Amino acid sequence: MDGKSTEREGNHDVEVSSIQLLNERLDLTLAFSKRYQMSSAVVYLRIFLPLELSHPKDNDTETILLNKISARLHGSLRDIDTVIKVNSRDFMIVIADITEHDCQVICERIIHSISAPYPNDFHYFSISSSMGICMYPYGSEERDELKTMAKIQMYDALELGENRCSFYKGDLNQTAYRKVIIENDLPYALKKGQLYVHYQPQYCLKKRAIVGAEALIRWNHPSLGEISPGEFISYAEDAGMLNGLFFWVFEEVCKKMKSMKDRRLKYSINLSVNQLLLDSLILDISNIQKQYSIQAAQITLEITENIEIYTVRKVNEKLHLLKEMGFTIALDDFGNGYFSFSDFIKLPIDFIKLDRDFVFSLLKNKKHKGVITPIIQMAHNLELKVIIEGIEDHTQFTEWVKLDCDLIQGYFISEPISFEELTESIAEIETRVAGDFSVNEPQ
Ligand code: C2E
Ligand code: MG
Ligand code: MG
């Protein structure tokens with residue numbers, strides 16, 4: 001299965017020849033099944049490797065482990081069955097001449113065999129899997145439909161828990177179906193021009209003015225409509241697309257900034273902490289900056305720590321470099337992250353953004369409510385500014401103006417809007433919020 005060129009199957013780069021081989025084998029199996037009136041199965045298998053292999057990525061160990069898993073898979077099947085690795089963690093299996101009952105037995109055997117301990121090198125890793133199955137001819141008679149239905153059932157199995165298999169029985173799990181569409185279509189979204197950026201204003205309580213805006217990516221999907229990054233960013237991460245998306249958003253923002261004479265606003269761009277580890281990050285960023293003549297001082301990088309960091313030292317080094325270049329650094333979703341306090345105080349950051357859910361969970365509890373002010377004070381003592389996000393209404397606004405935070409962001413100020421809407425509505429938003437201040441003068 002060694003091919004030079006690649007195409008996308010699902011969300012990963014795959015050797016063209018393996019997809020071709022899968023399709024050829026499946027076509028052949030379906031032709032035989034039709035002729036001899038046999039039933040056959042298409043199985044989609046996802047392997048869940050231990051987290052310590054993915055962050056930071058340990059390709060060598062991962063490859064050895066996947067080879068061992070592949071050997072176990074072959075050991076659980078007959079010679080006439082086909083096993084194809086379709087991306088870094090998924091396999092497709094074609095089982096010819098099999099009843100649903102026997103297929104269930106085989107799938108359970110496979111799950112059991114994959115999750116059994118790996119003696120010697122990998123005995124401490126626990127590996128789980130999920131399997132989706134679509135039977136020919138009951139589930140479908142079409143090759144591509146069989147493949148898609150098997151993948152949808154894999155997501156259905158995932159909802160049931162670890163190490164489960166799920167057969168297509170005529171009822172489509174709509175949530176699983178949506179996931180497959182998102183995962184399959186995301187790699188093409190950028191090229192097809194379906195992604196765009198919206199901007200959410202950031203309001204300074206002291207200056208009583210909009211001082212910045214956060215760039216938030218959006219996807220206008222042809223059949224599913226608007227999809228928020230909250231729903232697709234994890235697929236982008238799995239598919240290794242986050243770097244591409246970051247640079248695309250970065251360039252979009254720079255283009256818009258260049259088109260504006262008024263350079264009053266600062267623009268925030270989200271950057272996952274994983275991406276800081278990318279060797280070419282600094283060079284690529286400065287190339288785009290130069291291309292559009294944008295000063296780093298006009299950009300804030302919002303760092304999201306959605307994974308446990310094993311390389312805080314490297315993250316710190318990169319942040320220092322970005323600071324030296326002149327960027328402002330904000331730590332996003334503060335309160336929900338993984339940094340220990342001792343790591344946090346060493347980070348060269350300028351802002352913390354208090355996570356909306358974190359703040360609201362504190363507000364709900366009488367005992368916890370009292371820690372919000374000390375958190376803000378602690379940040380100020382560390383010479384950090386504080387942004388509160390997710391202010392939705394007048395009541396929340398009233399609560400927050402009483403506290404000593406610096407910037408606020410949320411639907412109450414404005415929902416994320418297009419760049420053009422943003423530039424046109426700044427004065428209007430500021431006048432409206434000023435009206436609310438006259439009723440709620442900060443203490
Ligand atoms: P985030 O950076 O914490 O962005 C804030 C999210 O809260 C945005 O969701 C925003 O629309 C939403 N939000 C703002 N005000 C309110 C409010 O008053 N109430 C409520 N309930 N929500 C509010 P969105 O746009 O869906 O983005 C979700 C997350 O996806 C972002 O969280 C960010 O982590 C990530 N994201 C967005 N754009 C990008 C991007 O270009 N690159 C990367 N890596 N991540 C991105
Ligand atoms: Mg953010
Ligand atoms: Mg946030």
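Since the structure is predicted, the reported quantities are computational estimates derived from the model, not experimental observations.

Undergrad: I tried to follow the overall build of the protein chain on my own but got confused; where do I start?
TA: Scanning the protein chain from terminus to terminus reveals 16 helices and 16 strands. Within the protein chain, the proportion of its 443 residues that are buried is 52%. Sequence-distant contacts, at least 24 apart, represent 69% of the contacts inside the protein chain between residues at least 6 apart. Of the roughly 21500 Å² of accessible surface on the protein chain, a fraction of 50% belongs to carbon and sulfur atoms. Between the mean site of the 48 positive side-chain charges and the mean site of the 65 negative ones, the protein chain shows a separation of 3 Å.

Undergrad: Teacher, can you tell me more about the domain arrangement of the protein chain here?
TA: It is common to give the size of an interface as the accessible area lost on bringing the parts into contact. Split by domain assignment, the protein chain resolves into domain 1 (7-172) and domain 2 (185-434). Here the C-alpha centroids of domain 1 and domain 2 sit 39 Å apart.

Undergrad: Sorry, what's going on with the site of ligand 1 here?
TA: What surrounds ligand 1 is a group of 23 residues, the closest being Glu214, Arg218, Asp332, Glu392 and Tyr411. Here Tyr411 contributes a backbone N or O atom positioned 2.9 Å from an oxygen atom of ligand 1. When the free accessible area of ligand 1 is taken as 790 Å², the share hidden by the protein chains comes to 84%. Elements with a minimum of two residues in the shell around ligand 1: β9 (209-221), α7 (229-238), β12 (299-304) and β13 (328-334).

Undergrad: Is there a simple way to think about the coordination of the magnesium ion (ligand 2) in this case?
TA: Each donor-metal-donor angle would ideally measure 109.5 degrees in four-coordinate tetrahedral geometry, or 90 or 180 degrees in six-coordinate octahedral geometry. In this structure, Glu214 (OE), Asn270 (OD1), Glu302 (OE) and Asp332 (OD) serve as the protein donors to the magnesium ion (ligand 2), at separations of 2.0 to 2.3 Å. Ordering the donors of the magnesium ion (ligand 2) by residue number gives the pattern E-x55-N-x31-E-x29-D. In this model, the magnesium ion (ligand 2) sits 4.2 Å from the magnesium ion (ligand 3), the two metals being bridged by Asp332. Here Asp332 lies in strand β13 and Asn270 lies in strand β11 (residues 266-272), a separation of 62 residues in the sequence. With a relative accessible area of 27%, Asn270 lands in the partly exposed category.

Undergrad: Help me understand a nonpolar patch on the surface in this model?
TA: Taken together, Leu28, Phe32 and Tyr36 make up a surface patch of nonpolar side chains, about 340 Å² in accessible area. When you line up the elements, Tyr36 lands in the loop between α1 (16-35) and β3 (40-48).

Undergrad: Looking at this structure, how should I read the coordination of the magnesium ion (ligand 3)?
TA: Protein-derived ligands of the magnesium ion (ligand 3) are Asp332 (OD), Asp333 (OD) and Glu389 (OE), with the metal-ligand distances lying across 2.0 to 2.3 Å. Along the chain, the residues that donate to the magnesium ion (ligand 3) are spaced as D-D-x55-E.

Undergrad: Can you help me understand the side chain of Glu430 in this one?
TA: Tracing the backbone shows Glu430 in helix α16 (residues 419-439). Look at Glu430: it is buried, it has no salt bridge, and the nearest opposite charge is Arg264 at 4.3 Å. Apart from the residues within four sequence positions on either side, Glu430 is in contact with Arg208, Ala209, Ile210 and Arg264.

Undergrad: I would appreciate a short explanation of the packing of aromatic side chains in the present structure.
TA: One pass over the full model with this rule turns up eleven aromatic pairs. Ring geometry for Tyr267 and Phe419: centres 5.9 Å apart, planes at 35°, overall tilted. Of this pair, Tyr267 sits in strand β11 while Phe419 sits in helix α16, and the two are 152 residues apart along the sequence. Accessibility classification places Tyr267 together with Phe419 in one group, the buried group. These aromatic residues form a ring-pair network of at least three members: Phe246, Phe247, Phe250 and Phe327. The residue whose ring lies beneath Arg72 is Tyr118, and the NZ or CZ to ring-centre distance is 3.6 Å.

Undergrad: So what exactly am I meant to see when it comes to the sheet that holds strand β7 (residues 164-167) here?
TA: Strand pairing in a sheet is mediated by backbone hydrogen bonds. Such pairs are either parallel or antiparallel. Spatially, five strands are ordered β4-β5-β3-β6-β7 in an open sheet, and the strand pairing comes out mixed. The open sheet has two edge strands with one neighbour each: β4 (82-85) and β7. Sheet twist, expressed as the mean angle between neighbouring strand axes with direction ignored, is 15°. Taken together, the four bridges between β4 and strand β5 (residues 90-95) define a ladder with antiparallel strand orientation. Across the sheet, Lys85 pairs through a bridge with Phe91, a residue of β5.

Undergrad: What should I look at first to understand the environment of Asp284 in this one?
TA: The residue Asp284 is located in helix α9 (residues 281-292) in this model. Note on Asp284: relative accessible area 27%, which makes it partly exposed.

Undergrad: Explain unusual backbone geometry to me, please; I cannot follow it from the model alone.
TA: Backbone phi values are negative for most residues with the exception of glycine, while trans is the configuration of most peptide bonds. With an omega of 0°, the peptide bond between Tyr136 and Pro137 qualifies as cis. Note on placement: Pro137 falls in the loop between β6 (128-136) and α5 (143-160). Positive phi outside glycine occurs at Ser293, with the angle close to 50°. Positionally, Ser293 belongs in the loop between α9 and β12.

Undergrad: Please explain α5 as it appears in this structure.
TA: Since one α-helical turn is 3.6 residues long, residues separated by three or four positions face the same way. A rise of 1.5 Å per residue sets the reference length of α5, with its 18 residues, at 26 Å; its end C-alpha atoms lie 26 Å apart and thus fit the reference within 8%. Those residues of α5 that fall on the buried side of the exposure criterion are Leu146, Lys147, Met149, Ala150, Lys151, Ile152, Gln153, Met154, Tyr155, Asp156 and Ala157. Trailing α5 by a residue or two, Gly161 shows a phi angle of about 135°, which is positive.

Undergrad: Would you mind going over the environment of Ile329 with me for this structure?
TA: Among the structural elements, Ile329 can be located in strand β13. Expressed as a C-alpha distance, the spacing of Ile329 and Ile413, which sit 84 residues apart in the sequence, is 22 Å. The residues contacting Ile329, other than those within four sequence positions of it, are Leu301, Ile303, Leu319, Leu322, Lys323, Pro348, Ile349, Asp350 and Phe351.

Undergrad: Help me out: how do you make sense of the confidence of the model for the protein chain in this one?
TA: Low pLDDT means the predicted coordinates in that region are not meant to be read closely. Here the protein chain averages 89 in pLDDT, while 91% of its residues score no lower than 70. Throughout residues 1-14 the model reports pLDDT below 50, and contacts reaching past four residues in sequence, or to other chains, amount to 49 contacts.

Reading the values: the criteria
Counting restarts for each chain, with residues numbered from 1 along the sequence as it is written. Each chain is given a letter, starting from A, and each ligand a number, starting from 1, according to the order in which they appear as written. Two thresholds apply to this predicted model, a pLDDT of at least 70 for residue-level local features and 80 or more for giving and counting side-chain atom pairs, whereas whole-chain, interface and lining totals are computed over all residues. Remark: hydrogens and water are excluded; side-chain values derive from all non-hydrogen atoms of the structure. Where helices and strands are cited, they refer to DSSP runs of H or I of at least four residues and of E of at least two residues respectively, numbered from the N terminus. Only protein chains enter the accessibility calculation, which uses a 1.4 Å probe; a residue whose area is less than 20% of its type maximum is buried, one above 50% is exposed, and one in between is partly exposed. Residues count as neighbours in contact if any of their non-hydrogen atoms are within 4.5 Å of one another. Only the protein chains shown count as cover for residues, and all accessible areas are computed by the Shrake-Rupley method using a 1.4 Å probe. Here Asp and Glu are counted as negative and Lys and Arg as positive; His is not counted, and neither are the chain ends. The location of each charge is read from NZ of Lys, CZ of Arg, CG of Asp or CD of Glu. An automatic or database domain assignment supplies the residue ranges for each domain. One heavy atom within 4 Å of a molecule or strand makes the whole residue count as near it. Polar contact is defined as a pair of N or O atoms within 3.5 Å, subject to the rule that within protein one atom must be able to donate a hydrogen and the other to accept it, and that residues adjacent in sequence are counted only when both atoms are side-chain atoms. Distances define the donors: N, O and S atoms within 2.8 Å of the metal qualify, as do those within 3.2 Å of Na, K or Ca. Water is excluded, so some sites may look unfinished. Two distance rules govern patches: like charges are joined within 9 Å, and nonpolar side chains (Val, Leu, Ile, Met, Phe, Trp, Tyr) within 5 Å, applied only to residues with over 30% relative accessible area and no salt bridge. A pair is scored as a salt bridge if a Lys or Arg side-chain nitrogen falls within 4 Å of a carboxyl oxygen belonging to Asp or Glu. Pairs were defined over the aromatic rings of Phe, Tyr and Trp, the Trp ring being its six-membered one, requiring ring centres within 6.5 Å. Orientation was assigned from the angle between planes: stacked under 30 degrees, edge-to-face over 60, tilted for the rest. Here, a charge over a ring is recorded when the distance from Lys NZ or Arg CZ to the ring centre is within 6 Å and its angle to the ring normal is within 35 degrees. By the convention used here, strands pair only if DSSP detects at least 2 bridges between them. Axis lines are fitted to C-alpha atoms, over the contacting stretch for helices. Their N-to-C directions set the angle, which ranges from 0 to 180 degrees. Expected helix span is given by 1.5 Å per residue-to-residue step, counting one fewer step than there are residues. In predicted models, pLDDT denotes the confidence assigned by the predictor to each residue on a 0 to 100 scale.

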